[in-house]
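Secondary and tertiary structure notes
Single-letter residue listing:
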Amino acid sequence: MNRQAKGALLTAGGGICWGLSGSMGQFLFSREGMDARWLTPVRLGGSALILLLYCILRYGISYTLEPWREKKMAKDLVLYGLFGVSCCQFLYFETIQLSSAAAGTILQDLSPAMILLVGCAAAKRRPTAREVAAILVGLAGVFLITTGGNLKQMAIPAAALLTGVLCAVCVTIYNVVPARRLKQYPVVLLQGWAFLMGSAAMIPVFRPWRYYVPVHPMGIVGILTVIFCGNVLAFTMYMSGIRYIGPDKGILYGFAEPMTAAVIGVIAFGNAFTAADAAGFCLVFFMLWLISKKEKPAEQISHSRMASASFPQEKKLAG
């Protein structure tokens with residue numbers, strides 16, 4: 001199998017795992033009576049233990065602790081892990097609890113447009129016509145999904161729209177702020193510390209022990225699914241695929257995430273999927289395609305001086 005095929009399968013597989021995890025979150029909220037303020041710290045803590053134990057066994061304790069020995073690196077790791085990765089995962093599950101897995105997934109897909117705007121601001125340039133078109137198309141897609149095409153009503157609660165957009169902001173934070181410095185360590189190591197920080201910060205804030213959580217066999221299966229499938233497996237598969245095909249193409253194959261969540265939602269939960277929803281999904285996908293599309297040589301020359309200041313467009317880890 002060539003590199004392109006491997007990359008496509010791995011990134012699509014990661015997207016499918018994220019979509020499955022989001023749908024399982026919807027099941028836990030709607031059928032098992034769980035709450036995002038209980039599930040998120042548990043999910044983050046379980047994933048952290050698995051990844052950090054793996055890092056200790058593979059790299060040793062000394063190397064696992066190394067990111068904290070450099071002051072600037074430690075500050076970047078806190079920003080990346082706490083305000084980016086961990087807040088993103090809570091807001092993603094909160095959006096699902098307030099609406100559905102499909103809505104939570106598609107709203108966080110606004111992040112590439114936000115990353116694009118941050119990159120333009122850092123490069124001190126105006127967005128190109130194609131970039132402006134991508135942003136407008138994405139906003140049109142979200143409008144259709146959230147209103148059903150009717151200005152007089154909201155197809156999803158306003159609170160879900162707010163948490164979904166904030167989730168996309170957190171995705172932008174963990175992609176653009178410390179991206180270059182954080183590349184000096186293995187991804188699994190950084191994710192392990194990010195998940196641990198998030199769990200440690202959320203436990204005293206949300207106090208999950210206050211929530212009654214019925215212990216049913218399917219509930220246990222669901223919790224294990226969002227830990228292993230949604231954090232450990234999905235992230236590993238997706239980032240492995242990115243090594244073969246790069247983040248730009250990875251965004252395209254990441255379309256598997258919202259489509260998986262939408263299909264499972266319709267089949268398993270009886271979620272409505274209207275013509276407006278379908279049109280909205282298509283517009284958001286088209287936005288991602290426009291953003292990930294390579295510039296023509298003439299455009300690359302005209303922006304060559306600004307390219308060095310732009311940020312990479314990488315995939316979210318919410319789902």
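Provided above is the structure to which this section pertains.
Residues numbered from 1 in each chain as written. Predicted model: local features only at pLDDT ≥ 70, side-chain atom pairs only at ≥ 80, totals over all residues. Heavy atoms only, no water.

Moving on: the overall build of the protein. Looking only at helices and strands, one finds 15 helices and zero strands in the protein. Long-range pairs, those at least 24 residues apart, make up 86% of the contacts in the protein with a sequence separation of at least 6. About 14400 Å² of surface is accessible on the protein, with carbon and sulfur atoms providing 68% of the total. (Helix = DSSP H or I, 4+ residues; strand = E, 2+ residues; numbered from the N terminus. Contact = heavy atoms within 4.5 Å. Areas by Shrake-Rupley, 256 points an atom, 1.4 Å probe, with all protein chains shown as cover.)

Before going further, it helps to examine the side chain of Ser-47. Tracing the backbone through its elements, the reader meets Ser-47 in helix 2 (residues 36-59). Not counting the four nearest positions on each side in its chain, Ser-47 is found in contact with Phe-195, Ile-227, Asn-231 and Val-232.

By size, the foremost hydrophobic cluster in this structure holds 46 residues, and its most contacted members are Leu-39, Tyr-80 and Phe-93. Listed by contribution, the elements that provide at least two residues to this core are helix 1 (3-30), helix 2, helix 4 (71-98), helix 8 (158-176), helix 10 (187-206), helix 11 (217-253) and helix 12 (256-269). Sort the elements by how many residues they give to this core and helix 4 lands first, with 10 residues. For Leu-39, the contacting residues outside a window of four places in its chain are Leu-28, Phe-29, Phe-93, Ile-223 and Val-226. If you look at the next biggest cluster of nonpolar residues, it comprises 25 residues, including Cys-120, Ala-134, Leu-290 and Ile-291. (Core = buried A, V, L, I, M, F, W, Y, C linked by side-chain atoms within 4.5 Å. Buried < 20%, exposed > 50% of the residue type's maximum accessible area, 1.4 Å probe, protein only.)

It is worth spelling out a nonpolar patch on the surface at this point. Taken together, the side chains of Ile-56, Ile-61, Leu-65 and Trp-68 define a hydrophobic patch exposed on the protein surface, amounting to about 340 Å² of accessible area. Residue position: Leu-65 is located in helix 3 (residues 61-65). (Patch = residues over 30% accessible without salt bridge, like charges linked within 9 Å, V, L, I, M, F, W, Y side chains within 5 Å. Salt bridge = Lys/Arg side-chain N within 4 Å of Asp/Glu carboxyl O.)

Attention now moves to the side chain of Asp-35. Looking at the element boundaries, Asp-35 is found in the loop between helix 1 and helix 2. By relative accessible area, which is 11% here, Asp-35 ends up buried. Contact partners of Asp-35, with chain neighbours within four places excluded, come to Phe-29, Gln-97 and Tyr-211.

Another point: the packing of aromatic side chains. How two aromatic rings sit relative to each other is given by the distance of their centres and the angle of their planes. Tallied over the full model, the rule gives 10 aromatic pairs. With a centroid separation of 5.4 Å and an interplanar angle of 50 degrees, the aromatic rings of Tyr-59 and Tyr-63 are classed as tilted. Judged by its relative accessible area of 25%, Tyr-63 falls in the partly exposed class. (Phe/Tyr/Trp six-rings, centres within 6.5 Å; stacked < 30°, edge-to-face > 60°.)

What follows deals with the environment of Tyr-174. Along the chain, the position of Tyr-174 falls in helix 8. Given a relative accessible area of 6%, Tyr-174 falls into the buried group. Taking the C-alpha atoms as reference, Tyr-174 lies 4.8 Å from Tyr-80; in sequence the two are 94 residues apart.

Turning our attention to the packing of helix 2 against helix 10. The geometry of a pair of packed helices is captured by two quantities: the angle between their axes and the separation between those axes. Direction vectors running N to C along helix 2 and helix 10 enclose 145 degrees, while the axes themselves pass 7 Å from each other. For the crossing formed where helix 2 meets helix 10, the hand is left-handed. Where helix 2 abuts helix 10, its residues Arg-37, Thr-40, Pro-41, Leu-44, Gly-45, Ser-47, Ala-48, Leu-51, Leu-52, Tyr-54, Cys-55 and Tyr-59 lie against Val-188, Leu-189, Gln-191, Gly-192, Trp-193, Phe-195, Leu-196, Gly-198, Ser-199, Met-202, Ile-203 and Phe-206. Of the residues contributing to the contact of helix 2 with helix 10, the split by class is 16 nonpolar, seven polar and one charged. (Axes fitted to C-alpha atoms, helices over the stretch in contact; angles between N-to-C directions. Left-handed = near helix turned anticlockwise from the far one by under 90°. Nonpolar A, V, L, I, M, F, W, Y, C, P; charged D, E, K, R; others polar.)

Right, let's talk about the environment of Gly-33 for a bit. In this fold, Gly-33 is placed in the loop between helix 1 and helix 2. Expressed as a C-alpha distance, the spacing of Gly-33 and Val-213, which sit 180 residues apart in the sequence, is 6.9 Å. If near-sequence neighbours (up to four positions away) are discounted, Gly-33 is found in contact with Leu-28 and Tyr-212.

What follows is about the environment of Gly-84. Tracing the backbone shows Gly-84 in helix 4. Overall, the relative accessible area of 0% leaves Gly-84 in the buried class. With 84 residues separating them along the chain, Gly-84 and Ala-168 place their C-alpha atoms 9.7 Å apart. With residues near it in sequence (within four places) discarded, Gly-84 still touches Leu-79, Cys-170, Ile-173 and Tyr-174.

Moving on: unusual backbone geometry. Here Lys-124, not a glycine, exhibits a phi torsion of approximately 55 degrees, which is positive. Mapped onto the elements, Lys-124 comes out in the loop between helix 6 (111-123) and helix 7 (129-147). At Arg-207, a residue that is not glycine, the phi angle is positive and equals roughly 50 degrees. With respect to the helices and strands, Arg-207 occurs in the loop between helix 10 and helix 11.

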